[in-house]
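# Results of the structural survey
Now for the letters of each chain:
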Amino acid sequence: MASYLVLTQRPDNGGRNEDKTVFIRDGFAFLALLLPFVWLLFHKLWFEAAMVLAAGVAISAVGSYTGHDGAAGLIGLLVSLLVGLEANHWHAAALERRGFELAGVVDAHNASDAETIWFLGTERFRPVPAKNPVPTSETPGFAATPRPAPLGGMVGLVSHRGEN
């Protein structure tokens, strides 16, 4: 199951604007690996596309000038891999700069299921808390809840000293 970031643009009346809701898969973008410049232009990431194009031209020029065309191709592939890994994050950051805000994270098998879960309001999404919540008398404090100690003195895969 994949996680989808839900970004919404708040209307003036303060409610939820369902016409301006975007779902972005949190993870690797395979098309951005294959066609990084085109993917970035399609998602209106102008600065990132210009940087990828400039890096590609510079890598190609240096590789052909020094006679290391193979190394230039490998470095170009690494740039494409970087774009594939960071493309969805750059897309979400660009939307946040345009006035969208992160409303929640939905765990779903595909984007269609994520939209269904979000708009039907089932309990399979995690709302994101406000950036600067204002404490009121109605909100509970952050009191620690006691939990039993793990059995055998182990925390995860690490045991306490002297038990081996």
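All figures in this text were calculated on a predicted structure; none of them were measured in a lab.

## Section: the overall build of the protein chain
On a plain count of helices and strands, the protein chain comes out with 5 helices and 6 strands. Beginning at the N terminus, the succession of helices and strands in the protein chain can be written as β-β-α-α-α-α-β-α-β-β-β. Within the protein chain, buried positions represent 26% of all 164 residues. Across the protein chain, contacts joining residues at least 24 apart in sequence account for 59% of those joining residues at least 6 apart.

## Quick notes on the confidence of the model for the protein chain
Within the protein chain, residue pLDDT values average 78, and 69% of them lie at 70 or more. Note on residues 158–164: pLDDT under 50 across the span, and 8 contacts to partners over four residues away in sequence or across chains.

## Things to note about helix α4 (residues 69–97)
A maximum bend of about 50° is found in α4 at Glu-86. Buried within α4 are the following residues: Ala-72, Ser-80, Val-83, Gly-84, Ala-87, Asn-88, His-91, Ala-92, Ala-94 and Leu-95. For α4, the secondary structure elements touched by its buried residues are β1 (2–9), β2 (21–25), α1 (30–34), α2 (36–42), α3 (46–66) and β3 (100–108). Two residues or fewer past α4, Gly-99 is found with a positive phi of approximately 110°.

## A word on the side chain of His-43
With respect to the helices and strands, His-43 occurs in the loop between α2 and α3. Every residue in contact with His-43, bar those within four places of it in the chain, is listed here: His-91 and Arg-98.

## Side note on the packing of aromatic side chains
Centre-to-centre distance and the angle between the planes together describe a pair of aromatic rings. A full pass over the atoms with the stated rule returns 1 aromatic pair. Centroid distance Phe-23 to Phe-119: 5.9 Å. Interplanar angle 75°. Geometry classified as edge-to-face. Of this pair, Phe-23 sits in strand β2 while Phe-119 sits in helix α5 (residues 111–120); the two residues are 96 residues apart in sequence, bridging distant segments of the chain. Residue Phe-23 is classed as buried on the basis of its relative accessible area of 16%. The class of Phe-119 is partly exposed, set by a relative accessible area of 35%.

## Regarding the environment of Glu-48
Position of Glu-48 among the secondary structure elements: in helix α3. Excluding anything up to four places from it in sequence, Glu-48 contacts Leu-40, Trp-90 and Arg-97.

## Regarding unusual backbone geometry
Even without being a glycine, Lys-44 presents a positive backbone phi close to 60°. Mapped onto the elements of the fold, Lys-44 is located in the loop between α2 and α3.

## With respect to the pattern of salt bridges
Evaluation of the coordinates by the stated rule reveals 1 salt bridge. Two residues, Glu-48 and Arg-97, come together in a salt bridge whose shortest N-O distance is 3.8 Å. Of this pair, Glu-48 sits in helix α3 while Arg-97 is found in helix α4, placing the two residues 49 residues apart along the sequence. Residue classification places Glu-48 among the buried positions, given a relative accessible area of 15%. The class of Arg-97 is exposed, set by a relative accessible area of 60%.

Cut-offs used in this document
- Residues numbered from 1 in each chain as written.
- Predicted model: local features only at pLDDT ≥ 70, side-chain atom pairs only at ≥ 80, totals over all residues.
- Heavy atoms only, no water.
- Helix = DSSP H or I, 4+ residues; strand = E, 2+ residues; numbered from the N terminus.
- Buried < 20%, exposed > 50% of the residue type's maximum accessible area, 1.4 Å probe, protein only.
- Contact = heavy atoms within 4.5 Å.
- pLDDT = per-residue confidence, 0-100.
- Bend = angle between axes of the 7 residues up to and from the residue.
- Phe/Tyr/Trp six-rings, centres within 6.5 Å; stacked < 30°, edge-to-face > 60°.
- Salt bridge = Lys/Arg side-chain N within 4 Å of Asp/Glu carboxyl O.

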